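Reading the structure
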Amino acid sequence: MSADAAVATSVFAGFMVLTVALGLLSVRVGRAAGGERGGGLADWSVGGRSLGTVFIWVLMAGEGYTSFSYLGAAGWGYNYGAPVLYVIAYMSCGYAVGYLVGPMLWGYARRHGLVGITDMVAHRYGKPWLGALVAVGATVCLLPYIQLQITGMGVVVSTISYGAISLNWAYFLAFAVTTGFVVVSGLRGSAWVSVLKDVLVIGTLGCLAVYVPVHYFGGYGDFFDRLVTEKGEWLTFPGHASGGLDQGWFVSTSFLNSLTVVIFPTTVAGYLGARSANTLRRNAIALPVYNVLLLVPMLLGMAALFVVPGLVGAESNLALFRLVVDSLPAWAVGLIGVAAALSSIVPMAVFMLVIGTMWGRSVLGLVPRLASRQKLGSQVVVVLAGALALLLTYTAPNTLVRLSLISYEGMAQLVPMLLLGLVWRRMTWYGALGGLVVGATLVSVLVFTDRDPLWGVNAGLLALGVNLAVALGVSLLGPREVDGRPDGEVLAGWVVPDGGAEAGAGMGREAGSEPGRG
């Protein structure tokens, strides 16, 4: 191992130890603050619904800063240019939607003692088996996203070690570190580690935003002048050789993802961990500011066009790190690698935790022998889900962005069942399930037959349109079952800004009181 590799690897190893230590410390602090020793499922999966503004802000920012930020965003900037801006567009729009949806889901879950979207589906339609079915389907969509983070962290670790650590060992390290601290510390540990991650992300990207243009081009003026003159097609739609990712794709993808992100299981986990509805509103206002940093890896990817030309395929995802490794000292390479690795670990931990929670509550919870040991069952599923994703990483690798898009397009099909179902009493489980099956089938066919986008429109949005039509049609014209529960028990109301009571369906029910479940 070279001296540079030893320095960078040592910096990385030290921060990984710190990451695990923060996860363990969060458990002790949670107990000291009044949490139950050992905790229940709610304490482990949604942090006891006690996280304040700062922790919720950094935790939910993890949705925007994953391995995609350092690898995929730079890779798309390198390969295509303008289409990559869809990330900033959909996340900013999603936060606006989340300003309304987040408090609504938070109030519904808190009132009924629920810990995730599968819980909500089961309660809304009065069908526990429907929650279990959604858990299985959601897991299929989420596992590729865990694989994405394992792959991303593996590439980062192998690169910053100057090749001293092989990809296979780096993949295993990503799995081991993440599984170790999330099983013990749950959502609260992820929030604590998110603080460390955000400090490093903001610091490293801020420095790179100044260093790379000055070091390689003499400043932003010369960089942009060269970019406009020599690579102008990267700055307009459909970008360079994007294969049809033009304005129609941009608008449809931004719209679809802005709806999907608010019901994505990891986002909902952040909602449910909040101390109050106002915490979520404040975060919805503040989070778009964080998105400005996403411009940095996108621009650095385009800067790499001039510094390391000729990267093709998966190598283009390394555009940013090629700049870093070639010009910075080993200790700086190690720090940037830590920031990128934590940008994989935090979202991967929450994805694994969410899968565990869905199965522990909605699937294993249906088995009488296991109903009283939901937390233990959830922790076992976390390990199994991570191990399966690791196996997929070894046996079925794929490009980073492709995996991410498949996950979002699949999860988008839950929007009618969950959001429309929570505000419209006439939605039946027949309609919700029928729409979900049709939408999921259509999006799978379009994606896996390379018809995405279709007619210039994101395939997931087309499938969602058909899904919605089926759900409405079956609910209005199909069979119905009598549900004697009052509207306040079935539907979600709007939590008023003072955090007191809910308006609409839940009026008169105190949002701050929580049944003793979990």
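In short, a report on the structure.

**Overview of unusual backbone geometry**
Across the junction of F237 and P238, the peptide omega takes the value 5 degrees, indicating a cis bond. One can find P238 in the loop between α9 (220–230) and α10 (247–260). Residue P453 is reached from D452 by a cis peptide bond, and omega for that bond is 5 degrees. Within the secondary structure, P453 is located in the loop between α19 (429–448) and α20 (459–477). Positive phi values are uncommon outside glycine, yet Y162 reaches one of about 55 degrees. Here A241, not a glycine, exhibits a phi torsion of approximately 50 degrees, which is positive. Within the element layout of this structure, A241 appears in the loop between α9 and α10.

**A few points about the side chain of S242**
In this fold, S242 is placed in the loop between α9 and α10. A polar side-chain atom of S242 sits 2.4 Å from the main-chain carbonyl oxygen of P238. Here the side chain of S242 touches L245 through a polar contact of 3.3 Å, landing on its backbone nitrogen. With near-sequence residues (within four places) excluded, S242 lies in contact with Y80 and P83.

**Remarks on the pattern of salt bridges**
According to the stated counting rule, one finds six salt bridges in the structure shown. Across the salt bridge formed by K197 and D198, the nearest N and O atoms sit 3.1 Å from each other. On the basis of relative accessible area, D198 is assigned to the buried category, the value being 3%. Measuring nitrogen to oxygen at the nearest pair gives 2.5 Å for the salt bridge that ties R425 to D487. Of the two residues, R425 is situated in the loop between α18 (415–423) and α19 and D487 in helix α21 (residues 487–490); the sequence distance between them amounts to 62 residues. The partly exposed category is assigned to R425, whose relative accessible area is 24%.

What counts and how
- Residues numbered from 1 in each chain as written.
- Predicted model: local features only at pLDDT ≥ 70, side-chain atom pairs only at ≥ 80, totals over all residues.
- Heavy atoms only, no water.
- Helix = DSSP H or I, 4+ residues; strand = E, 2+ residues; numbered from the N terminus.
- Polar contact = N/O pair within 3.5 Å; in protein donor to acceptor, adjacent residues only side chain to side chain.
- Contact = heavy atoms within 4.5 Å.
- Salt bridge = Lys/Arg side-chain N within 4 Å of Asp/Glu carboxyl O.
- Buried < 20%, exposed > 50% of the residue type's maximum accessible area, 1.4 Å probe, protein only.

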